[in-house]
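The lines below spell out each chain.
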Amino acid sequence: MKRVFVAGHRGMVGSAIVRQLSKVAGVEVITCTRLELDLLDGVAVKRFFETENIDQVYLAAAKVGGIIANNTYPAEFIYENLAIQNNIIHSAHLSDVNDLLFLGSSCIYPKFAEQPMGESALLTGVLEPTNEPYAIAKIAGIKMCESYNRQYGRNYRSVMPTNLYGENDNFHPENSHVIPALLRRFHEAKLAGAAEVVAWGSGTPMREFLHVDDMAAASIHVMNLDIETYQANTQEMLSHINVGTGVDCTIRELVETVAKVVGFKGNIVFDVSKPDGTPRKLMDVSRLKSLGWEYRISLEDGLLRTYKWFLENQDNFRK
């Protein structure tokens, strides 16, 4: 029986990985709540690895948040994410765990990276200032995995997802990302019989979205690639792999699809006085495709799944 530790199992990505691994024969999924194991406590993490006989690690634990949280607590974002990564990766190594997958973020790439963003864009320009501390921590995680591979021959891999959404997302009215925020806003407008919903910006920026179940499937696929295939498609100092659809849509298209999924019949107004942000953010996923994986869940199908989950759990998201 292979003992697989999923760090961050209560988060959106970690919980999706647990759901899928739980269906795999010969795998025992190991999880710990924050009360059971504080990942910021290096001594506790080291003791955990010494006693649990872990075979594989999915490092999905992180301190995450939107623009407001990143801007308000930059010190916590860089410190806590570095500490979690350092504790888990180093303790895994000390306990001779050879297989680990580190989950990062597309925010590692420069603010003005050429589109679509390939893995080689890493460290070629200035980062987006609002989430630079978080991005720096994720870049450090990639380089930590590469360094342990170079020095100790470990098999530590990294995947960088595009914008994710799905079950167990954060639907908080102020702190959520664009898809859960829109789903909630249109749902509440429908219930209130509102005549219109206002969306920020012009609707012209383009974004890419990946359902979390696809992200989990891609993570498991990359983790289980044989070493020869993985090394043939990556580089020693450029080992991370983008995970996305390779397809984007305008924010207007996203907003209209959310309205359709929710069943909102009113008007949609775009407030052009609000900022648009970066014109386009799209991942180059050719490396992942060459490794035999492509996304399966369309945006509309993924939104339908997510809205269904929201309706079943909305009591947890009330103010």
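Shown above is the structure to which this text applies.
Every value quoted in this text rests on a predicted model; they were computed, and no experiment measured them.

1. A closer look at the sheet that holds strand β10 (residues 241–243)
Moving on, step 1. Spatially, six strands are ordered β2-β1-β3-β4-β5-β10 in an open sheet, and the strand pairing comes out parallel. Here the strands that pair on one side only, and so sit at the sheet edges, are β2 (27–30) and β10. Neighbour-to-neighbour, the strand axes of this sheet turn through a mean angle of 20°, independent of strand direction.
Moving on, step 2. Helix α4 (residues 74–94) rests against β1 (2–7), β3 (56–59), β4 (99–103) and β5 (155–161) of the sheet, and its axis sits at about 170° to β3.

2. Focus: empty space enclosed by the protein
Moving on, step 1. In total, this model carries one cavity of 30 Å³ or more according to the counting rule given.
Moving on, step 2. Lining the largest cavity are Gly244, Thr245, Val285, Leu288, Lys289, Trp293, Glu294 and Tyr295.
Moving on, step 3. For the lining of the largest cavity, the per-class residue count stands at four nonpolar, two polar and two charged.

3. Quick word on the nonpolar core
Moving on, step 1. Within the largest apolar cluster, 40 residues are counted, with the highest numbers of intra-cluster contacts made by Phe5, Phe49, Ile88 and Leu100.
Moving on, step 2. Those elements that place two or more of their residues in this core are β1, α2 (42–52), β3, α4, β4, α5 (132–152) and β5.
Moving on, step 3. Examining the composition of this core, we find that seven residues originate from one element, α5, more than from any other.
Moving on, step 4. Beyond its immediate chain neighbours, meaning those up to four positions away, Phe5 contacts Ile30, Cys32, Leu37, Phe48, Phe49, Ile54, Gln56, Val57 and Tyr58.

4. Some remarks on the pattern of salt bridges
Moving on, step 1. Counted under the stated rule, the structure contains 14 salt bridges.
Moving on, step 2. Glu28 is the salt-bridge partner of Arg3, the closest N and O atoms lying 3.2 Å from each other. On the criterion of sequence distance, the pair formed by Arg3 in strand β1 and Glu28 in strand β2 is long-range, its members being 25 residues apart.
Moving on, step 3. Asp213 is the salt-bridge partner of Arg305, the closest N and O atoms lying 3.3 Å from each other. Taken together, the residues Arg305 in helix α11 (residues 299–313) and Asp213 in helix α7 (residues 212–223) connect sequence positions 92 residues apart.
Moving on, step 4. Since its relative accessible area comes to 37%, Arg305 is described here as partly exposed.
Moving on, step 5. Under the relative-accessibility criterion, Asp213 is labelled buried at 15%.
Moving on, step 6. The structure contains a network of salt bridges with shared partners spanning Arg3, Glu28 and Glu52.

5. Comments concerning the sheet that holds strand β13 (residues 280–281)
Moving on, step 1. Strands sit in the order β11-β8-β13 across an open sheet of three strands; the sheet is mixed. A strand with exactly one partner marks an edge of an open sheet, and here the two such strands are β11 (249–250) and β13.
Moving on, step 2. Here strand β8 (residues 206–207) pairs with β11 via two bridges, running antiparallel. Within β11, the position partnered with Arg207 by the bridge is Cys249.

The rules behind the values
- Residues numbered from 1 in each chain as written.
- Predicted model: local features only at pLDDT ≥ 70, side-chain atom pairs only at ≥ 80, totals over all residues.
- Heavy atoms only, no water.
- Pairing = 2+ DSSP bridges.
- Helix = DSSP H or I, 4+ residues; strand = E, 2+ residues; numbered from the N terminus.
- Axes fitted to C-alpha atoms, helices over the stretch in contact; angles between N-to-C directions.
- Contact = heavy atoms within 4.5 Å.
- 1 Å grid on protein atoms, 1.4 Å probe; cavity = no way out; pocket = protein on both sides within 12 Å on 5 of 7 lines; lining within 4 Å.
- Points joined across faces, edges and corners; volume = space filled by probe spheres on them.
- Nonpolar A, V, L, I, M, F, W, Y, C, P; charged D, E, K, R; others polar.
- Core = buried A, V, L, I, M, F, W, Y, C linked by side-chain atoms within 4.5 Å.
- Buried < 20%, exposed > 50% of the residue type's maximum accessible area, 1.4 Å probe, protein only.
- Salt bridge = Lys/Arg side-chain N within 4 Å of Asp/Glu carboxyl O.

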